[in-house]
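Working through the structure, step by step
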Amino acid sequence: MANKDHKITLTVDASYNWSYSGGNDGGGNVKNKSKDGKADIDISLSAPNGFSIVSIDFSGEGSGQMSYKIIGGGKKAKIDNPCTEDADVYYQVNVVDSSTGTDVACDPKIVNR
């Protein structure tokens with residue numbers, strides 16, 4: 001069966017506590033089959049006004065195949081995962097609170113096997 005896209009929600013509160021929902025495990029982590037079609041990851045931010053996604057960092061085996069784009073003024077992001085090779089990647093969604101300039105780093109995992 002071909003890979004499917006994933007829907008993730010990143011929730012950040014005014015105290016900068018964060019959590020993920022969605023993905024394969026309900027906690028923002030995703031697993032896909034290598035070389036079985038792309039599996040994009042759609043991320044929605046649930047946070048107070050003034051918070052936005054500013055970037056996404058990738059690290060680990062296979063991270064070079066990942067890319068992203070910010071959508072909707074930072075309220076959404078899309079990770080492009082072509083699943084062309086094995087991967088064991090941590091992705092960190094970087095959120096900023098524009099009222100204080102505080103950066104919040106939030107990081108689950110992507111696995112292609």
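The structure reproduced in this document is the subject of the present report. Every chain begins its residue count from 1, and numbering advances along the sequence as written. The predicted origin of the model limits local features to residues at a pLDDT of at least 70 and limits the giving and counting of side-chain atom pairs to 80 or more, whereas totals for whole chains, interfaces and linings rest on all residues. Side-chain numbers here rest on the full set of heavy atoms in the structure, without hydrogens or water.

**Details of the environment of Thr84**
This is how the line gets drawn: Working definition: helices are DSSP H or I runs of at least four residues, strands are E runs of at least two. Numbering for both runs from the N terminus. It only takes one pair of heavy atoms within 4.5 Å for two residues to be counted as in contact.
Tracing the chain through its elements places Thr84 in the loop between β7 (76–80) and β8 (87–97). In this structure the C-alpha to C-alpha distance between Thr84 and Gly73, which are eleven residues apart in sequence, comes to 30 Å. Once you skip the residues sitting within four places of it in the chain, Thr84 turns out to touch Lys35 and Gln65.

**Quick look at unusual backbone geometry**
Defined as follows: The classification of residues rests on relative accessible area computed with a 1.4 Å probe and restricted to protein chains. Under 20% of the type maximum is buried, over 50% is exposed, and intermediate values are partly exposed.
The phi angle at Tyr16 is positive, at roughly 70°, despite the residue not being glycine. Assessed through its relative accessible area of 25%, Tyr16 is described here as partly exposed. Phi at Lys35 takes a positive value of approximately 60°, unusual for a residue other than glycine. Residue class for Lys35 comes out exposed when judged on its relative accessible area of 67%.

**Brief notes about the nonpolar core**
Basically, it comes down to this: Remark: nonpolar core denotes a set of buried residues (Ala, Val, Leu, Ile, Met, Phe, Trp, Tyr, Cys) joined through side-chain atoms within 4.5 Å.
One finds Leu10, Ile43, Ile79, Tyr91, Val93, Val95 and Ile110 to be the most contacted residues of the largest nonpolar core, which totals 22 residues. With five residues, the top contributor of residues to this core is β8.

**Regarding the pairing of strand β4 (residues 41–46)**
Convention followed: Note on pairing: DSSP must find at least two bridges between two strands before they are called paired.
Both strand β1 (residues 6–12) and β4 contribute to a ladder of six bridges, which runs parallel. Across the sheet, residue Thr9 finds its bridge partner in β4, namely Ser44. Inspection of the sheet shows β4 paired to β7 by four bridges, in the antiparallel sense. When the bridges of β7 are listed, Ile43 appears paired with Ala77.

**Let's talk about the sheet that holds β4**
The test is simple: Lines fitted to C-alpha atoms define the axes, with helix axes restricted to the stretch in contact, and inter-axis angles between N-to-C directions lie between 0 and 180 degrees.
If you trace the five strands from one edge of the open sheet to the other, you get β2-β1-β4-β7-β6, paired in mixed fashion. Of all strands in the sheet, those bounded by a partner on one side alone are β2 (18–22) and β6 (67–71). Looking at each pair of strands side by side, their axes are set apart by 20° on average, direction ignored.

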